[in-house]
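# Results of the structural survey
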Amino acid sequence: MRFFEQHYQNEFLMKWIYGKLSPEELHEFMTSAAYKKLVFSKSPKRKPKNDSL
C-alpha cells in the first residue's frame, strides 16, 4: 500500500474527503493497518476544566 508516499497521500485524502474513492480504494484503506490504527487509537485523557464564575 502506498499510504506513506506524500503525493499519493494528498491525492487519497482529497478523494476521501469528497467521497470520490473507488470501491477498491475504499476497501483497501478500510482493511489497512493505518485505518485500524486510526480507528482503535485511544485519545489522550484531558483534565477537566474548572468553571469558576
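A brief structural summary.

Reading guide: rules and limits
Residues numbered from 1 in each chain as written. Predicted model: local features only at pLDDT ≥ 70, side-chain atom pairs only at ≥ 80, totals over all residues. Heavy atoms only, no water. Helix = DSSP H or I, 4+ residues; strand = E, 2+ residues; numbered from the N terminus. Buried < 20%, exposed > 50% of the residue type's maximum accessible area, 1.4 Å probe, protein only. Areas by Shrake-Rupley, 256 points an atom, 1.4 Å probe, with all protein chains shown as cover. Salt bridge = Lys/Arg side-chain N within 4 Å of Asp/Glu carboxyl O.

### What about the overall build of the protein chain?
Looking only at helices and strands, the protein chain features three helices and zero strands. For the protein chain, the α and β elements follow one another from N to C terminus as α-α-α. Sorting the 53 residues of the protein chain into buried and exposed places 13% on the buried side. For the protein chain, the accessible area works out to roughly 5,400 Å², and carbon and sulfur atoms hold 58% of it.

### Brief notes about the pattern of salt bridges
For side chains bearing opposite charge, pairing can occur when the charged atoms are close. Here the structure, examined in full by the defined rule, presents one salt bridge. Residues K15 and E25 are paired through a salt bridge, measuring 2.8 Å at the closest nitrogen-oxygen approach. One end of the pair, K15, is in helix α1 (residues 6–17); the other, E25, is in helix α2 (residues 23–30), and ten residues separate them in sequence. A residue is classified by how much of its surface remains accessible, and K15, at 23% relative accessible area, is partly exposed.

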